[in-house]
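The residues making up each chain are set out below.
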Amino acid sequence: IPAPRVYADRSSDQKGEFGLDWVGPVGGTDVEMLFLQRLGHKSDINTSDDGTKSERFALKEDTNESILRATMRYAPSAVLSAEGSVEADYNTLQGDSAYVRNGVAFAVPSADAHVEERRGEIGGMVTWKIHPKWSLEAGVNTEYSLIKEPVGTGTATRSFLFPKPRVVLSWSPSKSAQVRMLVERRVGQIDFDDFVASSSFATSGVSAGNPDIQPDRRWRYRLSYERDFWE
């Protein structure tokens, strides 16, 4: 009868957020300014022992995210409005991990990750009420990001440029019903946790980090029908 294996996991996750938001008119334009600061600290110690084989994996991560965004809205007429936005982001990750088996340290790919991301986005959107029953929203945001991370004794730099068009056509055959047709390109944000190695001895064991991870990209098509009932 094999000896029972004992698993233990001790983890903590602290997060903090601070933000400032200002909205007001500037001339004939409505302006919104947003500043957001997020900080995170995570630690995890995962162990496994059956009397003949012992394993220990320790992880520590510190993350920082800074966001500055400005949005301008302008309506030259009752049937036409426009919106423009500019955003700048700065993200960092400092992750360190160690894997020990039977008292001997083993190297894990991407056990330590020190990543910086600088991201900027600029975009515009126009809304046109073509007819009392028809409206059109069309625009495009363009995102650029630059990622720096250590590779061996040097530093690797990767950059991405993604245009993200979006078109929404709405038809309201009555006051209580609406049909919406949407086409857009979506680009997700990189999960910084994937850069550094992790572990779960009870399920997947030790997993290496992925220094070549890229944002998720997809086209989205949507047709929806909405109807209001009662009041």
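Our structure is the block above this text.
Cut-off values and rules
Residues numbered from 1 in each chain as written. Predicted model: local features only at pLDDT ≥ 70, side-chain atom pairs only at ≥ 80, totals over all residues. Heavy atoms only, no water. Helix = DSSP H or I, 4+ residues; strand = E, 2+ residues; numbered from the N terminus. Rg over C-alpha atoms; globule rule 2.2 N^0.38 Å. Buried < 20%, exposed > 50% of the residue type's maximum accessible area, 1.4 Å probe, protein only. Contact = heavy atoms within 4.5 Å. Areas by Shrake-Rupley, 256 points an atom, 1.4 Å probe, with all protein chains shown as cover. Lys, Arg positive; Asp, Glu negative; His and termini not counted. Charge placed at Lys NZ, Arg CZ, Asp CG, Glu CD. Phe/Tyr/Trp six-rings, centres within 6.5 Å; stacked < 30°, edge-to-face > 60°. Lys NZ or Arg CZ within 6 Å of the ring centre and 35° of its normal. Polar contact = N/O pair within 3.5 Å; in protein donor to acceptor, adjacent residues only side chain to side chain. Salt bridge = Lys/Arg side-chain N within 4 Å of Asp/Glu carboxyl O. Core = buried A, V, L, I, M, F, W, Y, C linked by side-chain atoms within 4.5 Å.

A.B. asks: Account for the overall build of the chain, with residues named and values stated.
C.D. replies: Scanning the chain from N- to C-terminus turns up zero helices and twelve strands. Secondary structure elements of the chain occur, N-terminal to C-terminal, as β-β-β-β-β-β-β-β-β-β-β-β. Its C-alpha radius of gyration of 25 Å places the chain more than 25% over the 17 Å reference for a compact globule of 231 residues. Oriented by its inertia axes, the alpha-carbon framework of the chain measures out at about 75 × 45 × 30 Å. Classification of the 231 residues of the chain by burial places 29% in the buried group. Put simply, 61% of the contacts in the chain that link residues at least 6 apart link residues at least 24 apart. Accessible surface for the chain amounts to roughly 14700 Å². Of this, 56% is attributable to carbon and sulfur atoms. Looking at the chain, you have 28 positive and 33 negative side-chain charges, and the mean spots of the two groups are 5 Å apart.

A.B. asks: Explain the packing of aromatic side chains to me, and be specific about the residues and the numbers.
C.D. replies: The description of an aromatic ring pair rests on the distance of the ring centres and on the angle between the ring planes. Considering all chains together, one arrives at four aromatic pairs under this definition. Between the aromatic rings of Trp-134 and Trp-171, the centroid separation amounts to 5.8 Å while the plane-to-plane angle is 20°, which identifies the pairing as stacked. Placement of the pair is Trp-134 in strand β7 (residues 134–151) and Trp-171 in strand β8 (residues 154–174), with a sequence separation of 37 residues. Between Phe-160 and Phe-162, the ring centres sit 5.8 Å apart and the planes meet at 15°, which makes this aromatic pair stacked. Given the relative accessible area of 10%, Phe-160 is considered buried. For Arg-101, the ring lying beneath its charged end belongs to Phe-106, and the centroid distance is 4.5 Å.

A.B. asks: Pulling in residues and values, what's your account of the side chain of Gln-37?
C.D. replies: Relative to the helices and strands, Gln-37 is located in strand β2 (residues 29–49). At 2.5 Å, the side chain of Gln-37 forms a polar contact with the side chain of Asn-64. Contacts of Gln-37, omitting those with residues within four sequence positions, involve Gly-16, Glu-17, Phe-18, Asn-64, Glu-65 and Ser-66.

A.B. asks: Describe the pattern of salt bridges, naming the residues involved and giving the relevant values.
C.D. replies: Between side chains of opposite charge, a pair can form when the charged atoms approach closely. Scanning the model with the defined rule gives 18 salt bridges in all. A salt bridge links Arg-73 to Glu-32; its shortest N-O distance comes to 3.4 Å. In this pair, Arg-73 is assigned in strand β3 (residues 54–74) and Glu-32 in strand β2, connecting sequence segments 41 residues apart.

A.B. asks: Give me the nonpolar core: which residues, what numbers.
C.D. replies: Within the largest apolar cluster, 17 residues are counted, with the highest numbers of intra-cluster contacts made by Leu-93, Ala-113, Val-115, Ile-147, Ile-190, Phe-192 and Phe-195. At the level of secondary structure, the elements contributing two or more residues to this core comprise β3, β4 (80–101), β6 (112–131) and β8.

By themselves, these observations are geometric and do not establish any function.
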